[in-house]
Amino acid sequence: MAGPPITASSTHIHDLPDAILTNIFATISDTRSRNAAALVCRKWLLIERTTRTALALRGNERDLFMIPTCFRSVTHLDLSLLSPWGHSLLSSSSDDPHPHLLAHLLRQAFPGVTSLTLYSRTPSTLQVLAPYWPNLKRVKLVRWHQRSPSPLGSDFSSLFEHCLSLSSLDLSDFYYWTEDLPAALSAHPFVAAGFTRLDLMTRSFAEGFKTNELRAISAACPNLVELRAACLFDPRYLGFVGDEALQAIASSCPKLSILHLADASSLLNTRGNPNEDGSAAGDAEISRSALIGLFTGLPLLEELALDVCKNVRDSGLALEVLCSKCPRLRSLKLGQFQGLCMAIGSQLDGIALCSGLRSLFIKNSADLTDMGLIAISRGSPMLTKFEVQGCKNITVKGLRTMACLLRGTLVDVKISCCKNLNAMLSLRAVEPIRDRIQRLHIDCIWDGSEQRGNLQDAVQNFDLIEMAEEAGSSRQPAEYMNLFEADGYGVMNKKKKFKNAAQPDSSYMKSNGNTFWCKTWDQLQYLSLWVAVGELLTPLAAVGLEDCPQLEEIRIKVEGDCREQARPSENQFGLSTLRRYPRLRKMQLDCGDVIGNALTAPSGQMDLSLWERFFLNGIGYLRLNELDYWLPQDRDLNQRGLTLPAAGLLAQCGTLRKLFIHGTANEHFMNFLLKIPNLRDVQLREDYYPAPENDMSTEMRVDSCSRFEDALNGRRILD
């Protein structure tokens, strides 16, 4: 006899076998989602703890009893965020008289760790910790303080001596001398031969690796699959990187699939001068034959970045060899390369022949034109990411045509430091993919924005879809540009014919019988902005970014010298205007390259405290969950200190859960933040070089940090 019918109320997720439920939990990567699931019941708590493989440990090193012991399956452990941040961990000079005790407890709590991230201020940290995890395979070291006076290679010797299975070393956030690594690798050849990944793109280098050092590293690590290095390409210096270094890499490391070589000066994250033509003062000592030899010797390349500070001329022919010899190439970044694409007639040449590219970044190419952009979009139809920086000869016409041709794939665009592309024109250029683009960077330069009304009226009749459909491979390059004639703004007297007139495409709106592109950025999730100091953020919505329903994260980079600026005409930067984005929860406000007077300013000028008030005014109106704030600086004093107005304004962010302040602060100012009801994670990070060596009266000292943490953790948080 059949039983009662099964209803929805009679089944439960607990009816799933434990193996299936465990696999479901293992696929959840979001930390907050995992934490929420762990609160449902004891069974879910145990499953979540046993399936978590990555953990970033927070807290103070003095609180040994708070080390969790339930994450036995963790393989990736991040210890770089322990507080007091930046202080030497596991050092006999610290308050802990038994540094091996903490190392032993960490080993007992996380026995399966194979990947480690660690702030290693002195060599003693790894000397104590490395013997407890001999099976480490991947290590990332972090240090922004100055290198301690010790023998060459001492920062790595303990790690290489005890961890013989190392395959990956990440030093991108670790300050050291370029002579340190070759010395350590030569002293441990067995470990060096096992490396498959080296990230040496250290941003704090003054010069970068030289030819003899790159030759030694590549010879010691012949099995490298990924190599990233900050180099010295300037031929005015002894040991500069040129043909010899490129040939050594190609001959010693034929298995490379990812190769990034960038001049150390290009990693400073500062914007160039858009009025320059994109051509450097001199030429790099990199010949066409050397490039061809590099590409021929590395047939497995999938990602290539060559960001050189000097001109590499007539590179088109070498790039054609790259396209033929490296069929797996998917990502390409070229800086200071000239002659990328001649774009003469309908024949594709140079970089336009790289048909398999998914990501392309072109920087400071003086002769790149609109025709070159069109040729690239014709030759690389699968591009999903395109970045252009410092190219003065491209205009909105060429970039807009490129967006039309790549409408089906392009979702990530960065337009920076291009003379003919201000904020309004940059947004016009990406209008063909407005309903598809997910990540966007523009420069907030408002020149000519007063003409916005005329431009919008002209653009309304611009049928982008039909343009892309008609742009077949049989067109001549000049015909693409002719699509932009009419009144000079890209007007086309055509109408879109919908297959179903009752249910038109949601990407379009109707007005007076005509169709025009909708003004909503439907898929935009990440927005990055560059703003010159003294400029306002308020025109952002007026130039076209008024409706972004899915925008979750924004990064704002402010740069310039306050000492050369008069008082702003408004009393706030314009953060309050971001209230129009309903899902905005994460912000990075980077004022680290804003220079001013920390203590006193001449008559008629503002000191940094008033500038901070200007930048942060209105931030309390936003419903942010996470905020990273890089403080302005006084370079003469090497001081990045949180001021009283900034502390008061940050305390008005009532929804914050995580706050990283990249600088120092007074304990009294930090206590303002205790007013934020759900704030759980606060950290002062001096992650800039050189980080202050000594704690002074105006900075957050170890005892002050501990008192603040106790007050923060002692509150009752509703969420």
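These numbers come from a predicted model, not from an experiment. (Residues numbered from 1 in each chain as written. Predicted model: local features only at pLDDT ≥ 70, side-chain atom pairs only at ≥ 80, totals over all residues. Heavy atoms only, no water.)

Draft legend 1. The arrangement of empty space enclosed by the protein in detail. Under the criterion given, the structure shown has four cavities of 30 Å³ or more. Quantified by volume, the second largest cavity comes out at close to 70 Å³. Every residue along the wall of the second largest cavity is listed here: Glu 61, Leu 79, Ser 80, Leu 82, Ser 83, Pro 84, Trp 85, Gly 86, His 87, Leu 89 and Tyr 119. Class assignment for the residues of the lining of the second largest cavity results in six nonpolar, four polar and one charged. (1 Å grid on protein atoms, 1.4 Å probe; cavity = no way out; pocket = protein on both sides within 12 Å on 5 of 7 lines; lining within 4 Å. Points joined across faces, edges and corners; volume = space filled by probe spheres on them. Nonpolar A, V, L, I, M, F, W, Y, C, P; charged D, E, K, R; others polar.)

Draft legend 2. Region of interest: unusual backbone geometry. Along the chain, Ser 83 connects to Pro 84 via a cis peptide bond; the corresponding omega equals 0°. You can see Pro 84 is positioned in the loop between strand S2 (76-78) and helix H4 (99-109). Of note, the amide linkage connecting Tyr 689 to Pro 690 takes the cis form, showing an omega dihedral of -10°. Its location among the elements puts Pro 690 in the loop between strand S22 (681-684) and helix H22 (702-713). (Helix = DSSP H or I, 4+ residues; strand = E, 2+ residues; numbered from the N terminus.)

Draft legend 3. Quick peek at helix H11 (residues 288-297). Listed as buried for H11 are Ala 290, Leu 291, Leu 294 and Phe 295. For H11, the angular spread of buried residues about the axis comes to 130°, placing them on one side. On its buried side, H11 packs onto helix H10 (243-252), strand S8 (258-263), strand S9 (303-312), helix H12 (316-325) and strand S10 (331-337). (Buried < 20%, exposed > 50% of the residue type's maximum accessible area, 1.4 Å probe, protein only. Arc of directions from axis to C-beta. Contact = heavy atoms within 4.5 Å.)

Draft legend 4. The arrangement of the state of the cysteines in detail. Summed over all chains, the structure comprises one disulfide. Two residues, Cys 323 and Cys 354, share a disulfide whose sulfurs are 2.3 Å apart. One disulfide, between Cys 323 and Cys 354, carries an S-S torsion of -65° and so falls in the left-handed class. Note that Cys 323 is positioned in helix H12 and Cys 354 in the loop between S10 and strand S11 (359-363), a separation of 31 residues in sequence. Since its relative accessible area comes to 17%, Cys 323 is described here as buried. Since its relative accessible area comes to 5%, Cys 354 is described here as buried. Cys 326 forms no disulfide, and the closest cysteine sulfur to it belongs to Cys 323, at a distance of 8.7 Å. Taking the relative accessible area as the measure of exposure, Cys 326 reaches 2% and is therefore buried. (Disulfide = S-S within 2.5 Å.)

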